[in-house]
Amino acid sequence: MSVPASGDDPPSARAGSLGDNPPPGTRRPTMHEGGMSAMSPAGEANSGGAQVWVRGPRSADVGRTVLVWRSTTPARTVLLWRTRSGTPVATDAHCPHRAYLMVDARLVRDAVECPLHGYRFGADGRCVNFRRSPDAQIIGVREADGCLWLAL
Ligand code: FES
């Protein structure tokens, strides 16, 4: 399992695509120091909340295994994977059951499985095998310029 760190390289000069159906007028992300952006990958201004869009790993590095990715600013550890249909999913790496850091989690169908007690969390954050588990914290994710962008 690889653990790439967030980079500060600017996105390529080419306007990126946003999934299968990019909205008209899409702008490429703008980078600020520390890898944060005041704009979303779709060019929408942040609403002034605490969330920032952070450039994550390359799209090609996220697939059908769980990738552990660490952001330095803001400090956060994230699990990334793709569903069987190819949709990228990002969730906080801390298990909502007992806060175990799931750096050794594995993918079971479209759910990430915590190795400590075996709780599995689907792409919507809901636990799929224990009824009373709290939900995993899903993180907003978009693809642009060959990277995944995370709403941290
Ligand atoms: S800490 Fe993850 S299932 Fe218990």
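Residues numbered from 1 in each chain as written. Predicted model: local features only at pLDDT ≥ 70, side-chain atom pairs only at ≥ 80, totals over all residues. Heavy atoms only, no water.

Looking now at the pairing of strand E10 (residues 147-151). Most of E10 is tucked away: 5 of the 5 residues are buried. Burial along E10 is two-sided: Cys 147, Trp 149 and Ala 151 facing one way and Leu 148 and Leu 150 facing the other are all buried. Where strand E2 (residues 53-58) and E10 come together, 4 bridges link them in antiparallel fashion. Its bridge partner lying in E10, Arg 58 is registered against Cys 147. In terms of strand pairing, strand E9 (residues 138-144) meets E10 through 5 bridges, oriented antiparallel. Looking at E10, one finds that Gly 140 is bridged to Ala 151. Here E9 folds back onto E10 in antiparallel fashion, the turn holding 2 residues, of which Asp 145 has a positive phi close to 55 degrees. (Buried < 20%, exposed > 50% of the residue type's maximum accessible area, 1.4 Å probe, protein only. Helix = DSSP H or I, 4+ residues; strand = E, 2+ residues; numbered from the N terminus. Pairing = 2+ DSSP bridges.)

A complete count under the given rule lists 1 aromatic pair for this structure. With 4.2 Å between their ring centres and 20 degrees between their planes, Tyr 119 and Phe 130 make a pair best called stacked. Of the two residues, Tyr 119 sits in the loop between strand E7 (111-113) and strand E8 (120-121) while Phe 130 sits in the loop between E8 and E9, which places them 11 residues apart along the sequence. (Phe/Tyr/Trp six-rings, centres within 6.5 Å; stacked < 30°, edge-to-face > 60°.)

Pairing in this open sheet of 3 strands is antiparallel, and the strands run E6-E7-E8 from one edge to the other. The sheet is open, and its two edges are formed by strand E6 (106-108) and E8, each paired on a single side. As paired strands, E6 and E7 are joined by 3 bridges and run antiparallel to one another. In the sheet register, Arg 106 faces E7, and the bridge partner there is Glu 113.

Residue position: Asp 92 is located in strand E5 (residues 88-92). Of note is the side chain of Asp 92, whose polar atom sits 2.8 Å from the backbone nitrogen of His 94. Discounting residues that sit within four places of it in the chain, Asp 92 has contacts with Arg 76, Thr 77, Met 102, Gln 137 and Ile 139. (Polar contact = N/O pair within 3.5 Å; in protein donor to acceptor, adjacent residues only side chain to side chain. Contact = heavy atoms within 4.5 Å.)

Before going further, it helps to examine the environment of Gly 122. Position of Gly 122 relative to the elements: it lies in the loop between E8 and E9. With relative accessibility at 8%, the residue Gly 122 sits in the buried group. In this structure, the C-alpha to C-alpha distance between Gly 122 and Ile 138, residues 16 residues apart in sequence, is 9.6 Å. With sequence-adjacent residues up to four places away left out, Gly 122 is seen in contact with Trp 81, Asp 110, Ala 111, Val 128 and Ile 138.

So, on to the side chain of Thr 77. For Thr 77, the location among the structural elements is in strand E4 (residues 76-82). Taking relative accessible area as the criterion, Thr 77 reaches 13% and is therefore assigned buried. Thr 77 has contacts with Val 68, Trp 69, Arg 70, Thr 91, Asp 92, Ala 93 and Leu 101, leaving out every residue within four places of it along the chain.

Before going further, it helps to examine unusual backbone geometry. The omega angle of the peptide bond from Thr 73 to Pro 74 is 0 degrees, so this bond is cis rather than trans. Structurally, the position occupied by Pro 74 is in the loop between strand E3 (67-71) and E4. Backbone geometry at Ala 99 places phi at a positive 65 degrees, although glycine is not the residue there. Looking at where Ala 99 falls in the secondary structure, it is placed in the loop between E5 and E6. Non-glycine residue Asp 145 carries a positive phi angle of around 55 degrees. Tracing the chain through its elements places Asp 145 in the loop between E9 and E10. Judged by relative accessible area, which is 10%, Asp 145 ranks as buried.

Coordinates in, geometry out; function isn't part of it.
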